[in-house]
Amino acid sequence: MGPKSTKIVSTALYSLLHSYVLGHDAMKRMQSSNILVSGLRGLGVEIAKNVILGGVKSVTLHDQGQAEWRDLSSQFYLREEDLGMNRAEVSQTRLAELNSYVPVVAYTEALTDDYLTQFQVVVLTNSSLEEQQRVGDFCHSNGIKLVIADTRGLFGQLFCDFGEEMLVIDTNGEQPLSAMISMITKDAAGVVTCLDEARHGFENGDSVIFTEVQGMTELNSCQPIEIKTLGESYPINGGKCIHDYLLEERLKPEFVVTDFAKFERPGQLHLGFQALHSYQRKHNRLPKPWCQADGEELVSLAKEVNSSQTGSAKVDELDDKLIKKLAFVSAGDLAPINAFIGGLAAQEVMKACTGKFMPMVQWLYFDALECLSEEEGGAMLTEEDCAPRNSRYDGQIAVFGSQLQEELAKQRYFLVGAGAIGCELLKNFAMIGLAGGEGEVIVTDMDTIEKSNLNRQFLFRPWDVTKMKSETAAAAVKQMNPSIRITGHQNRVGPETERVYDDDFFESLHGVANALDNVDARMYMDRRCVYYRKPLLESGTLGTKGNVQVVIPFLTESYSSSQDPPEKSIPICTLKNFPNAIEHTLQWARDELRVCFKQAVREYAKFLERTLKLPGAQPLEVLEAVYKSLVIDCPRSWADCVTWARHHWQCQYSNNIHQLLHNFPPEQLTSSGAPFWSGPKRCPHPLEFSTSNHLHMDYVMSGANLFAQSYGMQGSTDRVGVAKILDSLSVPTFVPRSGVKIHVSDQELQSANVNVDDNRLEELKTLLPGPEASSHFKLTAIDFEKDDDSNFHMDFIVAASNLRAENYNIPPADRHKSKLIAGKIIPAIATTTAAVVGLVCLELIKIVQGHKKVESFKNGFMNLALPFFGFSEPISAPSHKYYEIDWSLWDRFEVKGLQANGEEMTLRQFLDYFKNEHQLEITMLSQGVSMLYSFFMPAAKLKERLLLPMTEIVTKVSKKKLGKHVKALVFELCCNDLTDEDVEVPYVRYTIR
């Protein structure tokens, strides 16, 4: 296989999710780009890592410096034994492992103009102002795109110059909006009315194109037309085309605001960073950490810089305190800041390569001064506290002092998930020294490593595929920092593992970090953190979008306090009979895979028991399908499997469509006289099978092989042989039947009277094998697996979906798009993940420092495609009141079940305790779903329960024994106060051990 084919393979293995975010064309442009990254300290290696994972043509690492102690605080590919060696040469081997299809080379000579000409994008980090100006002028003159990135302690700087002819093909990466049209007026206004199933979402100034318009067919060939919205209608303004955006060079400084609460800071920091360059030029070093004299000198230099500025670059009044803080921490090198700025910089590199997403306009400045002590100015820090001591944490000690380092080493943290976010978190944990002493990081993930993980879960390598994520990730970060104490688990978090993650476990933690990919697990961990009153660091990404939420006991609301609206589901009748979008046909194909090949049952006896308990006509429908699988369709040979697939094709794409058109002919009218087949209802047409049609054969090949797999038989990929079998088959002619009911809407479906044929149900019970026969037949349930290209799953779904799309004249989807939609893939890219985790770890530092003010913490949202950043202080926990007592979700009643005499509290004593101690009359008491007490309980039952210990009532009602790991129970109360008014009160933690 030649190099060209190899490059295509690299896209499949390493850049699949990047292509979901960027698109095929953008990925091709990126794979023709050579990138230079100059400066291999913490920021440079972060940018290089993200760009290599993205899948560019080549990356050159440039650095003329040697590794120093302070580099180890953020340069995750340097080790103590590398001190004194060239940073680029040491990092090259380890970075090259990230993606074997991206050549990575080291270069240690000076950057000459001739050398720069070979690159499409040049990235400068840790460079002098003179170097930036020289390289910047050359790149601008020669059409080479330039990114300059720098970090100084808690501050970051980013600059982009993509030249005078930067073509942006897609400004935001969002899918174009689409809407179904119900009417267009023929008057001068040209008002288009959309169907009222949902808001169309268009805005003034948007441009639209029309497709499949009947009656005014001239609209279908129009160029994009600008519109003005009128509610759910919009008028057509005329034929204005959208021109590709041309990014022009800006002659005056423009700033991307990262935090609108710090709106004035970019201009101040623009001067401050220039003053730092002047200071370095004068002293050949940065200001000493927390040195007052150096701070004063930097302020003076900044004033000189400001006095030489003109126009908008000059500020009215210099913020002396801000510039001093810049001086105090500028010698620092922090992994979280490098992760954030490095993620942003790498995304700008990808924009420069691809023209995908809106480039940053000139300058971005960022600071995280909230990480310093909440005391004004961090007054407790001295030069001595922050002086270098030949430690791997020198870059961090320069900012926060040695005391924080000692606290970080003691931390015990629980990380849930070792995927993309989990890997980045572990890297940052290792760099900042979390659990680097007597503490511990416990990471759990039940998944194994897959090939598709490698493009963003950067701790894993091709030889790690099939290994456990948690153990592999733990071993990888041990290489980065041998001091970290880390343990890998393979447990799912949930009620089933509460014997492992019990009271003792959670009470020993300092905090929890989530790296999860589903809301249910997030909400479960949130509930656990609220119960045990532990800080929670929550984050997530979706392509170029990312968010961070910090949950602090007694200070903020919890993750579950606010929720996103539920995902919109596709109506059943739309899926079954009236699809109008490729998403509908793909979901239908997923259902086909499940119904045809997954209803083979693992535990047959339990399956029969469960099925007979289903409501309505479901037991009959399910048993008919199983009887068909076990008795009627049971194959004896490969030819039988092919026959089944051919007949199933005929049923789904011809017979069922004929029946639908028999019930609702193309000329059918509704009761109001409107055409039935209009709006979202596309009139279908049946298909004619042909062995010369590749899509038809794809369906039969994949369907027959899956059918064979489910019966434990050998399949085949011989298309010629299958075609011969098909040519010999006789397919019965279908005649539509009268009296077949087809529901038009879900509402009609739900309100329809279900008549179950009880005789047929009883007949099926006798015809089907009994529960004792589960070992006499072999049926393998097929679970959908999108990432194995040899298992026929995606082959079947793509063919099934596109055939149904052809039935309904819906544009088909290629395998790439089908996999994204049917596999419900959440696009993830390394750049967003790195940036989000950088912000998470800044919040972690605040927690370890013991910050108590809600305004010190930051929730964040970003969209690197725009680019947009939004930060806000977390929402405080909502407050409730009973009597004069305020309480929030973090508060509860603490009740000790064991009394002084060693006996447990009875229900009567429990009720009396609340009446006497809290002036509350309990009207109902529950534990989980079990009602333990209520005022309307029968007198005999109440009399019995009042005398029983609380734990005995719980076990009696729930019919479950309490595990030895259970230290306390949670009770929910409904109460009246002593005036008999209802009051809202916290829950009860009832300690039993």
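Look above for the structure.
So, how was this worked out
Residues numbered from 1 in each chain as written. Predicted model: local features only at pLDDT ≥ 70, side-chain atom pairs only at ≥ 80, totals over all residues. Heavy atoms only, no water. 1 Å grid on protein atoms, 1.4 Å probe; cavity = no way out; pocket = protein on both sides within 12 Å on 5 of 7 lines; lining within 4 Å. Points joined across faces, edges and corners; volume = space filled by probe spheres on them. Helix = DSSP H or I, 4+ residues; strand = E, 2+ residues; numbered from the N terminus. Nonpolar A, V, L, I, M, F, W, Y, C, P; charged D, E, K, R; others polar. Buried < 20%, exposed > 50% of the residue type's maximum accessible area, 1.4 Å probe, protein only. Pairing = 2+ DSSP bridges. Contact = heavy atoms within 4.5 Å. Axes fitted to C-alpha atoms, helices over the stretch in contact; angles between N-to-C directions. Patch = residues over 30% accessible without salt bridge, like charges linked within 9 Å, V, L, I, M, F, W, Y side chains within 5 Å. Areas by Shrake-Rupley, 256 points an atom, 1.4 Å probe, with all protein chains shown as cover. Salt bridge = Lys/Arg side-chain N within 4 Å of Asp/Glu carboxyl O. Lys, Arg positive; Asp, Glu negative; His and termini not counted. Charge placed at Lys NZ, Arg CZ, Asp CG, Glu CD. Polar contact = N/O pair within 3.5 Å; in protein donor to acceptor, adjacent residues only side chain to side chain.

## Description of empty space enclosed by the protein
Okay, step 1: Applying the stated criterion across every chain yields a total of 5 cavities of 30 Å³ or more.
Okay, step 2: Empty space within the largest cavity amounts to approximately 130 Å³.
Okay, step 3: If you list the elements that add at least two residues to the lining of the largest cavity, you get strand S15 (362–367), helix H30 (830–849) and strand S22 (859–863).
Okay, step 4: Top element by residues in the lining of the largest cavity is H30. It accounts for 4 residues.
Okay, step 5: Of the residues belonging to the lining of the largest cavity, the class tally is 6 nonpolar, 2 polar and 7 charged.
Okay, step 6: Contributions of two or more residues to the lining of the second largest cavity are made by helix H8 (265–283) and S15.
Okay, step 7: Its residues assigned to classes, the lining of the second largest cavity comprises 5 nonpolar, 1 polar and 4 charged.

## Comments concerning the pairing of strand S27 (residues 920–927)
Okay, step 1: Taken across its 8 residues, S27 has 6 buried, putting it largely inside the fold.
Okay, step 2: Inspection of the sheet shows S27 paired to strand S29 (residues 968–977) by 6 bridges, in the antiparallel sense. In the sheet register, Leu 920 faces S29, and the bridge partner there is Asp 977.
Okay, step 3: Judged from the 4 bridges that link them, S27 and strand S28 (residues 930–934) form a sheet pairing that is antiparallel. In the strand pairing of S28, Gln 927 is matched with Ser 930.
Okay, step 4: In this antiparallel pair of consecutive strands, S27 and S28, the connection spans 2 residues, and Gly 928 shows a positive phi of 65°.

## Quick notes on the sheet that holds S15
Okay, step 1: Spatial ordering of the open sheet is given by S3-S2-S1-S4-S5-S6-S15-S14, a layout of 8 strands whose pairing is mixed. Where the open sheet ends on each side, the last strands, each with one partner, are strand S3 (104–107) and strand S14 (255–256).
Okay, step 2: As paired strands, strand S1 (residues 34–38) and strand S4 (residues 121–125) are joined by 4 bridges and run parallel to one another. Its bridge partner lying in S4, Ile 35 is registered against Val 121.
Okay, step 3: Here helix H7 (residues 129–141) sits on the sheet in contact with S4, strand S5 (145–152) and strand S6 (155–161), set at roughly 170° to S4.

## What about the sheet that holds S22?
Okay, step 1: Spatially, S18-S17-S16-S19-S20-S21-S22-S23 is the arrangement adopted by the 8 strands of the open sheet, whose pairing is mixed. Every interior strand has two partners, whereas the edge strands, strand S18 (486–489) and strand S23 (868–872), have only one. Across the sheet, the mean angle from the axis of one strand to that of its neighbour is 10°, orientation sign disregarded.
Okay, step 2: Note that strand S21 (residues 545–551) and S22 share 4 bridges and pair antiparallel. Paired with Val 548 across the bridge in S22 is Gly 860.
Okay, step 3: Most of the contacts of helix H18 (residues 519–532) go to strand S20 (residues 536–542), to which it runs at about 165°, and overall it touches strand S16 (412–416), strand S19 (511–514) and S20.

## With respect to a negative patch on the surface
Okay, step 1: Taken together, the side chains of Asp 447, Glu 450, Asp 517, Glu 785 and Asp 788 make up a negatively charged region of the molecular surface.
Okay, step 2: Assignment of secondary structure puts Asp 447 in the loop between strand S17 (440–444) and helix H16 (469–480).
Okay, step 3: With relative accessibility at 38%, the residue Asp 447 sits in the partly exposed group.

## With respect to the side chain of Asn 863
Okay, step 1: Looking at the secondary structure, you find Asn 863 in strand S22.
Okay, step 2: Looking at Asn 863, its side chain comes within polar contact range of the side chain of Thr 544, at 2.9 Å.
Okay, step 3: Setting aside its immediate chain neighbours within four residues, Asn 863 contacts Glu 174, Thr 544, Lys 545 and Phe 868.

## Comments concerning the side chain of Gln 347
Okay, step 1: Here Gln 347 is to be found in helix H11 (residues 335–354).
Okay, step 2: Looking at Gln 347, the relative accessible area reads 0%, which means it is buried.
Okay, step 3: Excluding its chain neighbours within four sequence positions, the residues that come into contact with Gln 347 are Phe 357, Thr 544, Ile 829, Thr 831 and Leu 864.

## Topic: the pattern of salt bridges
Note on pairing: side chains with opposite charge can pair once their charged atoms come close.
Okay, step 1: Using the criterion set out here, one finds 45 salt bridges in the structure.
Okay, step 2: We note a salt bridge from Asp 886 to Lys 881, for which the minimum N-O separation is 3.9 Å.
Okay, step 3: Judged by relative accessible area, Lys 881 falls into the partly exposed class, the value being 48%.
Okay, step 4: Glu 894 serves as the salt-bridge partner of Arg 989, at 3.7 Å between the closest nitrogen and oxygen. You can see Arg 989 sitting in strand S31 (residues 988–991) and its partner Glu 894 sitting in strand S26 (residues 893–896), a full 95 residues away along the chain.
Okay, step 5: Residues participating in the shared-partner salt-bridge network are Arg 41, Asp 63, Glu 68, Arg 70, Asp 71 and Arg 87.

By themselves, these are just geometric observations and shouldn't be taken as functional.
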